[in-house]
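Here's the letter readout for the chains.
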Amino acid sequence: MASRLRDFRLPGPPPGPARPEFWSSPLRGAWLTSLLGSLLLVLITVVTVTGFLSHAAYNPALGHNALVPVSRDVGFLRFDWPTHPSWLYALNQGLHVTVGFVAVPLLLAKLWSVIPRLFAWPPVRSPLHLLERISLAGLVGGALFQFVTGIINVQIFYPWHFDFVQAHYYGAVVFTASLIAHVIVKVPTMRRAYRARGVLAPLREDLAHTRPEPAEAGGLAPSAPSPPTLSRRGLLALVGGSSAGLAVMTAGQSIGGPLRQLALLAPHGGPSGSGPNDFQVNKTAQSVGVQTTQVGPDWRLELHGPVGTVALPRQTLLALDLHTDHLPIACVEGWSTTQRWTGVPLAAFARMAGARGEATLFVESLQRGGAFSQTTLSAEQVHDPRSLLALRVNGVDLSIDHGFPARIIVPALPGVHNTKWVARMTFST
Ligand SMILES: Nc1nc2c(c(=O)[nH]1)N[C@H]1C(S)=C(S)[C@@H](COP(=O)(O)O)O[C@H]1N2
Ligand SMILES: [Mo]
């Protein structure tokens, strides 16, 4: 009986990718996966940190920088996004989006290097193995979900029916947790691979000296390797070259100048302005239903505060002490552009409205509805002397698409808080 049990075997793997011989690339192995994983980890760390920071700066649930005035407590992430240096969010978001694109070839190479695992046979060996596979589903699924939604979103294209900010945020939480667990579990394998082969030594081998890593049961190295057609450093060069190409096609939207023309992966062909107003428009007035009649001579800025309500025509605003500054608009989608804005400092409105030091400012647009039609600014953001209700840009009146008659410009805030077509400002504590 005992010997019968010992003789019992699971049926062998079906023909195809579940058979070890199916995967024959001589480059696969613990060292290659460790190196790709280590490089990817550096990039993913940058993307993750800038992503969570961006969420803190942008997050609708954070009272002060809110798209809607709610003050749900979100624990340690509850802080006011600073206004210094003015390019802070442009840098944060430029890194988040550019490094995200740069990581794509590395992510694909990393997934390629471990793909035999997807077809592991038997699919489940033990309860622990099942747990490991479920956690890998979170890791790989999370990575694919984050990259696909992020990349589609920066094209200002929203084909889905869920809230991108929330989905990308919760996706990030799941992905980050699975990644931390994965790194902890894999550190011993990586150390073993680096100790056996050196961290960079295999990159010195040319094609003629490229040998497969020794095959181990359940390992990634092939049991029946084919002759190499590419060295490991050739593979790395291919991945690095693709990443560099993606960097060139993305970074220009943040760096600007002639590089902007190369930023082919930035949203393109969208509306812009003419003359001094010729820079990227996120949403045109027409697209959100703001009519030229609403922004004509009858427009008034409604200012509410402890001393009551006033309605100020544009002429009155232009006669106030105006301030001019070079400040960026930095969109969450990664593009940014620095322009010369002229307008009334928000602190002047706080004085006019009789608002006390800690009062926050709630801004509403002529635009009806939608998360982008309002914002809440913290007292610190209001009292930065560079924070403006901008009336002019680059020496001329704002174009209607850039927010005429008046828009918010606050240094270092995500573009989404720079509300266009301002109708009403309310100070309250
Ligand atoms: N009322 C209103 N204000 C708005 C928006 C909007 O859709 N409606 N878009 C915001 C976003 S997401 C950005 S990035 C900036 C872009 O400003 P621009 O279109 O002048 O470049 O405006 C912000 N202000
Ligand atoms: Mo934006």
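Residues numbered from 1 in each chain as written. Chains lettered and ligands numbered in written order. Predicted model: local features only at pLDDT ≥ 70, side-chain atom pairs only at ≥ 80, totals over all residues. Heavy atoms only, no water.

A short note on empty space enclosed by the protein
The following threshold applies: Using a 1 Å grid laid over the protein atoms alone, points where a 1.4 Å probe fits but cannot get out form a cavity; open sets with protein on both sides within 12 Å along at least 5 of 7 lines form a pocket; any residue with an atom within 4 Å of a point counts as lining. Grid points are joined across faces, edges and corners, and a volume is the space filled by probe spheres set on the points. Just so you know the grouping, Ala, Val, Leu, Ile, Met, Phe, Trp, Tyr, Cys and Pro go in nonpolar, Asp, Glu, Lys and Arg go in charged, and all remaining residues, Gly too, go in polar.
In the structure shown here, the tally under the stated rule is one cavity of 30 Å³ or more. Its boundaries defined by the atoms lining it, the largest cavity holds a volume of some 310 Å³. In terms of lining residues, the largest cavity is bounded by 21 residues, among which N282, F372, G415, V416 and K420 are the most central. Partitioned by chemical class, the residues of the lining of the largest cavity number nine nonpolar, eight polar and four charged.

Structural notes on the packing of helix α3 (residues 88-118) against helix α6 (residues 232-255)
Going by this rule: Here, axes are lines fitted to C-alpha atoms. For helices the fit covers the stretch in contact, and angles between N-to-C directions go from 0 to 180 degrees. A run of H or I in DSSP counts as a helix once it spans at least four residues, and a run of E counts as a strand once it spans at least two, with each numbered from the N terminus. For this classification, under 35 degrees means roughly parallel, over 145 means roughly antiparallel, 65 to 115 means roughly perpendicular, and everything else is oblique. Crossings are assigned a handedness: left-handed for a near helix turned anticlockwise from the far helix by less than a right angle, right-handed for a clockwise turn. Any pair of residues with heavy atoms lying within 4.5 Å of one another is described as a contacting pair.
Interhelical geometry of α3 versus α6 gives an angle of 160 degrees and a closest axis separation of 8 Å. In terms of orientation, α3 and α6 fall into the roughly antiparallel class. Where α3 crosses over α6, the two elements pack in a sense that is right-handed. Touching G94, V97, T98, F101, V102, V104, P105, L106, A109 and W112 of α3 are L235, V239, S242, S243, L246, A247, T250, A251, Q253 and S254, all from α6. For the contact of α3 with α6, a count of residues per class yields 13 nonpolar, seven polar and no charged.

Quick word on the site of ligand 1
Definition in use: Summary of the distance rule: residues count as near a molecule or strand when at least one heavy atom falls within 4 Å of that molecule or strand. Here a polar contact is recorded for every N or O atom pair within 3.5 Å, except that within protein the pair must consist of a potential hydrogen donor and a potential acceptor, and residues adjacent in sequence are included only if both atoms are side-chain atoms. The Shrake-Rupley method, run with a 1.4 Å probe, gives the accessible areas here. Residue values count only the displayed protein chains as cover. Those molecules having more than half of their atoms within 2 Å of a cavity or pocket grid point set are described as sitting in that cavity or pocket.
Around ligand 1 there are 18 residues in total, and Q280, Q367, H402, R407 and K420 lie nearest to it. Within the side chain of S365, one N or O atom sits 3.3 Å away from a nitrogen atom of ligand 1. In the model, a nitrogen atom of ligand 1 is placed 3.0 Å from a nitrogen or oxygen of the N418 main chain. The fraction of the free accessible surface of ligand 1 (530 Å²) that becomes covered by protein chains is 99%. Here ligand 1 is seated within the largest cavity. Residues that form the shell around ligand 1 fall into these classes: seven nonpolar, eight polar and three charged.

Notes on α6
Defined as follows: A helix is expected to span 1.5 Å multiplied by its residue count minus one. Two axes define the bend at a residue: one fitted to the seven residues ending there, one fitted to the seven starting there, and the bend is the angle between them. Three labels apply to residues, based on accessible area from a 1.4 Å probe with only protein chains included: buried if under 20% of the type maximum, exposed if over 50%, partly exposed otherwise in between.
Its 24 residues place the ends of α6 33 Å apart at the C-alpha level, agreeing with the 34 Å of an ideal helix rising 1.5 Å per residue. The largest bend along α6 measures about 30 degrees and falls at M249. Burial in α6 covers these residues: R232, G234, L235, L236, V239, S243, L246, T250, A251, G252 and Q253. Residues of α6 that are buried in the fold lie against α2 (30-58), α3, α5 (164-197) and β4 (336-345). Where α6 terminates, the next one or two residues include G256, which has phi positive at roughly 80 degrees.

Considering the confidence of the model for the protein chain
Heads up, the rule is: Values of pLDDT, which run from 0 to 100, indicate the predictor's confidence residue by residue.
With 91% of its residues at a pLDDT of 70 or more, the protein chain shows a mean pLDDT of 90. Low pLDDT, under 50, characterises residues 66-77; the predicted model gives this stretch 32 contacts beyond four residues in sequence or across chains.

Regarding the pattern of salt bridges
Definition in use: Each reported salt bridge corresponds to a side-chain nitrogen of Lys or Arg within 4 Å of a carboxyl oxygen of Asp or Glu.
Inspection of every chain in the model, using the stated rule, returns eight salt bridges. Here E205 ties to R232 by a salt bridge, and the two come within 3.6 Å at their closest N and O atoms. Taken together, the residues span a long stretch of sequence, with E205 in the loop between α5 and α6 and R232 in helix α6 at a distance of 27 residues. Using a relative accessible area of 1% as the deciding quantity, one classes R232 as buried. One salt bridge in this structure joins R356 and E358, with 3.8 Å as the shortest N-O distance. For R356, a relative accessible area of 56% translates into the label exposed.

Comments concerning the packing of aromatic side chains
To keep things clear, this is the line we draw: Any two rings among Phe, Tyr and Trp, with Trp reduced to its six-membered ring, count as a pair given centres within 6.5 Å; such a pair is stacked if its planes are under 30 degrees apart, edge-to-face if over 60, and tilted if neither. The rule for a charge over a ring is simple: NZ of Lys or CZ of Arg within 6 Å of the ring centre, and within 35 degrees of the ring normal.
Under the defined criterion, the tally for this structure stands at seven aromatic pairs. Counting every residue linked through ring pairs, the aromatic cluster contains F22, W23 and F119. When the ring centre of W112 is taken as reference, the NZ or CZ atom of R28 above it lies at 4.2 Å.

Quick word on a nonpolar patch on the surface
Put simply, the rule reads: By definition, no residue in a patch forms a salt bridge, and every one has over 30% relative accessible area; like charges are joined within 9 Å, nonpolar side chains (Val, Leu, Ile, Met, Phe, Trp, Tyr) within 5 Å.
The grouping of V248, I255, L259 and L262 at the surface amounts to a nonpolar patch, some 350 Å² of accessible area in total. Along the chain, I255 falls in helix α6. With relative accessibility at 57%, the residue I255 sits in the exposed group.

Regarding the sheet that holds strand β6 (residues 374-377)
Condition: For two strands to be treated as a pair, DSSP must find at least two bridges joining them.
Read across the sheet, five strands follow the order β2-β1-β10-β5-β6 without closing on themselves; strand pairing throughout is mixed. Across the chains shown, the open sheet's two edge strands, defined by having one partner strand only, are β2 (308-313) and β6. Adjacent strand axes in the sheet meet at a mean angle of 15 degrees when their direction is disregarded. Sheet topology places strand β5 (residues 360-365) next to strand β10 (residues 422-428); six bridges connect them, and they run antiparallel.

Structural notes on the nonpolar core
Note the threshold: Only buried residues count toward a nonpolar core, which is a set of Ala, Val, Leu, Ile, Met, Phe, Trp, Tyr and Cys residues joined through side-chain atoms within 4.5 Å.
Counting 53 residues, the largest nonpolar core has W341, L346, F349, L389, M425 and F427 as the members making the most contacts within it. In terms of residue count, the dominant contributor to this core is strand β7 (residues 388-393) (five residues). L35, L36, V154 and L235 belong to the second-largest nonpolar core, a separate cluster that totals 30 residues.

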